[in-house]
Amino acid sequence: MLKIAILASGSGSNAQALVEYFARSPWGRVEIIVTNNPRAGVIDRSSRLGIKCLLFDPTSQSEEVLTLLRSSVDVLILAGYLKKIPINWVRSFHGRMINIHPALLPKFGGKGMYGIHVHKAVSDSRETTTGITIHQVNEHYDEGAILAQYRVEITPGESPQSIQEKVRILEQKHFGQTAETWIKQISKKQ
Ligand code: GRF
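Treat the numbers as computed from the prediction; the structure is a model and nothing was measured. (Residues numbered from 1 in each chain as written. Predicted model: local features only at pLDDT ≥ 70, side-chain atom pairs only at ≥ 80, totals over all residues. Heavy atoms only, no water.)

*Asks:* Describe the site of the ligand, naming the residues involved and giving the relevant values.
*Replies:* Surveying the vicinity of the ligand reveals the residues Gly10, Ser11, Gly12, Ser13, Asn14, Gly80, Ile100, Pro102, Arg168 and Glu171. Residue Asn14 places a main-chain N or O atom 2.8 Å away from an oxygen atom belonging to the ligand. In the environment of the ligand, an oxygen atom lies 2.4 Å from a nitrogen or oxygen atom belonging to the side chain of Glu171. Considering the ligand on its own, with 370 Å² of exposed area, one finds that the protein chains cover 89% of that surface. (Near = heavy atom within 4 Å. Polar contact = N/O pair within 3.5 Å; in protein donor to acceptor, adjacent residues only side chain to side chain. Areas by Shrake-Rupley, 256 points an atom, 1.4 Å probe, with all protein chains shown as cover.)

*Asks:* Tell me about the pattern of salt bridges, and please be specific about residues and values.
*Replies:* Using the criterion set out here, one finds four salt bridges in the structure. Here Arg168 and Glu171 are joined by a salt bridge, their closest N and O atoms 3.8 Å apart. One end of the pair is Arg168 and the other is Glu171, both in helix α6 (residues 160-189) and three residues apart, which spans about a single turn. Residue class for Glu171 comes out buried when judged on its relative accessible area of 6%. (Salt bridge = Lys/Arg side-chain N within 4 Å of Asp/Glu carboxyl O. Helix = DSSP H or I, 4+ residues; strand = E, 2+ residues; numbered from the N terminus. Buried < 20%, exposed > 50% of the residue type's maximum accessible area, 1.4 Å probe, protein only.)

*Asks:* So what about helix α5 (residues 116-124)? Which residues, and what values?
*Replies:* Within α5, the full set of buried residues consists of Val118, His119, Ala121, Val122 and Ser123. The inward-facing, buried residues of α5 contact β5 (97-101), β6 (129-136) and α6. Looking one or two residues past α5, Arg126 carries a phi angle of roughly 55 degrees, positive in sign. (Contact = heavy atoms within 4.5 Å.)

*Asks:* Run through the pairing of strand β4 (residues 75-78), naming residues and quoting values.
*Replies:* Residues Val75 and Ile77 of β4 are buried on one face, and the alternating residues Leu76 and Leu78, pointing to the opposite face, are buried as well. As paired elements, strand β1 (residues 2-8) and β4 share four bridges and run parallel to each other. Counted as the bridge partner of Ile4 is Val75 from β4. Both β4 and β5 contribute to a ladder of three bridges, which runs parallel. Considered in β5, the bridge of Ile77 is made with Ile98. This β-α-β element, β4 to helix α4 (residues 87-92) to β5, shows right-handed connectivity. (Pairing = 2+ DSSP bridges. Right-handed = clockwise from strand over helix to strand, strands pointing away.)

*Asks:* Outline helix α1 (residues 13-22), listing residues and values.
*Replies:* The buried count for α1 comes to seven of 10 residues, which makes it a mostly enclosed element. Of all the residues in α1, the buried ones are Ser13, Asn14, Ala15, Ala17, Leu18, Val19 and Phe22.

*Asks:* Tell me what's going on with the sheet that holds strand β2 (residues 28-35), and back it up with residues and numbers.
*Replies:* Pairing is mixed across the open sheet formed by seven strands, whose spatial order is β3-β2-β1-β4-β5-β6-β7. Looking along the sheet, the strands with just one partner apiece sit at the ends: β3 (52-55) and β7 (146-153). On average, each strand axis in the sheet is inclined to that of its neighbour by 20 degrees, with strand direction left out of account. Contacts from α1 reach β1, β2, β4 and β5, with the element oriented near 160 degrees to β2. Packed onto the sheet, helix α3 (residues 62-72) meets β1, β2, β3 and β4 and runs at close to 175 degrees relative to β2. (Axes fitted to C-alpha atoms, helices over the stretch in contact; angles between N-to-C directions.)

*Asks:* Go over the side chain of Glu127, please, and point to the residues and values.
*Replies:* The topology assignment puts Glu127 in the loop between α5 and β6. On the basis of relative accessible area, Glu127 is assigned to the buried category, the value being 17%. Only 2.9 Å separates the side chain of Glu127 from the side chain of Lys107, close enough to count as a polar contact. When sequence neighbours within four positions are dropped, the list of residues in contact with Glu127 reads Lys107, Phe108, Val122, Ile154, Thr155 and Pro156.

Here it is, written out as structure tokens:
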């Protein structure tokens, strides 16, 4: 069974879905949730879920937290983590770090594309579909190998809030299982 750390900066709905999914999985277990944001909703969620939560300052504690993670977990899952992942983190967890992006990469990715900004850009582009992308994290962040994408229909110009709600449903439905399939493959290579 692989040990999972989740990195989050926001409300933590994805982190909660992953904790609950892996509570029933023979392949992985969420051991810790790590956040950079003292106001993140994920802090309350992790205490309600009984999962250790570590708040850290990425500008001054990156090295020590990386050392902790390297010695205590097997894989990292980014679930709404908004800081750039340092290159030594990417190298330490090469092939063992994934991220979820709330759009169909490579479109609507890259700098500044997070949260409601993504859905506003999708709405302004009058797209008729959007979705989520679960991908490996490499040095170029949103450009790692794609593990899976899931789509949902939208109407051109649909409100960003309405799009966000449809995307959240996709996240809740697919993230756990996609992460488990990835973890299974890693386990089998060990
Ligand atoms: C989600 O939309 C996720 O796709 C993106 O950041 C958001 C995090 O939401 N990476 P939450 O904090 O998990 O509720």
